Amino acid sequence: MNADTGACTLTPDSQYVELAVEVFAMLADATRVRLILALRHGELPVNALAEIAGKSAAAVSQHLAKMRLARMVATRQEGTKVYYRLQDGHAWQLVAVAIHQAEHALGTAPHHGTAHHSSVPHDIPAEVEE
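Here the structure is a predicted model, which means the values were calculated and not measured.

Student: Looking at this structure, I do not really get the packing of helix H2 (residues 30–39) against helix H4 (residues 57–69). What am I missing?
Tutor: Axis angle and axis distance: for two packed helices, these are the angle between their axes and the distance between the axes, and together they describe the pair. Interaxial distance between H2 and H4 falls to 10 Å at its minimum, and their mutual angle equals 75°. As the angle between them shows, H2 and H4 are arranged roughly perpendicular. For the pair H2 and H4, the contacting residues are Thr31, Arg32, Leu35 and Ile36 in the first and Val60, His63, Leu64, Lys66 and Met67 in the second. Of the residues assigned to the contact of H2 with H4, the class counts are five nonpolar, two polar and two charged.

Student: For this particular structure, what's the right way to read H2?
Tutor: Within H2, the full set of buried residues consists of Thr31, Arg32, Leu35, Ile36, Ala38 and Leu39. Viewed end-on, H2 has its buried residues packed into an arc of 160°, placing them on one side of the element. With a side-chain oxygen positioned 2.9 Å from the backbone nitrogen of threonine 31, the residue opening H2 is aspartate 29.

Student: What's the story with the pattern of salt bridges in this structure? I'm lost.
Tutor: Oppositely charged side chains can form a pair if their charged atoms are brought close together. Inspection of every chain in the model, using the stated rule, returns two salt bridges. Ionic pairing is found between arginine 76 and glutamate 43, a salt bridge with its closest N-O pair at 2.3 Å. You can see arginine 76 sitting in strand E2 (residues 73–78) and its partner glutamate 43 sitting in the loop between H2 and strand E1 (44–45), a full 33 residues away along the chain. Relative accessible area serves as the criterion here: at 30%, arginine 76 is assigned to the partly exposed category. Put simply, glutamate 78 and arginine 76 hold a salt bridge, and the shortest N to O gap is 2.8 Å. By relative accessible area, glutamate 78 is classed as partly exposed at 46%. Within the structure, one salt-bridge network assembled from shared partners comprises Glu43, Arg76 and Glu78.

Student: For this particular structure, what's the right way to read the pairing of strand E3 (residues 81–86)?
Tutor: When a strand is regular, its side chains alternate between the sheet's two faces. Sheet topology note: the E1/E3 ladder contains two bridges and is antiparallel. In the sheet register, leucine 44 faces E3, and the bridge partner there is tyrosine 84. Two elements, E2 and E3, share six bridges in a ladder whose sense is antiparallel. Across the sheet, alanine 74 pairs through a bridge with arginine 85, a residue of E3. Here E2 folds back onto E3, and the loop between the two strands holds two residues, one of which, glycine 79, carries a positive phi near 65°.

Rules behind the numbers
Residues numbered from 1 in each chain as written. Predicted model: local features only at pLDDT ≥ 70, side-chain atom pairs only at ≥ 80, totals over all residues. Heavy atoms only, no water. Axes fitted to C-alpha atoms, helices over the stretch in contact; angles between N-to-C directions. Helix = DSSP H or I, 4+ residues; strand = E, 2+ residues; numbered from the N terminus. Parallel < 35°, antiparallel > 145°, perpendicular 65-115°, else oblique. Contact = heavy atoms within 4.5 Å. Nonpolar A, V, L, I, M, F, W, Y, C, P; charged D, E, K, R; others polar. Buried < 20%, exposed > 50% of the residue type's maximum accessible area, 1.4 Å probe, protein only. Arc of directions from axis to C-beta. Polar contact = N/O pair within 3.5 Å; in protein donor to acceptor, adjacent residues only side chain to side chain. Salt bridge = Lys/Arg side-chain N within 4 Å of Asp/Glu carboxyl O. Pairing = 2+ DSSP bridges.

Pasting the structure below:
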């Protein structure tokens, strides 16, 4: 988004292309995608996320630390427990779109034309739309 005009900078020469690539690199890991899916409904502690992801708490903590540095997740501490939540709906939107793309690539999603297709699928859950 251009701070001066409030317009999105969705052009090939956007100054944000390299940062967008870093976001995709952060999401290019099945464990991180699973963590985003697990957090889409609210915050969870590391142990619960580890169980959901099928990984050790230590491994999940490392992924969450990277995601926190990338500002994809935020934390809240309660006693000795740390709870993680999505920073905003953007990571969830990206994952949802990627999963829809995978469904289409495998032929398991309903076919629809692309001529009038919007840039974001119409069936993205309402909780991620801003």
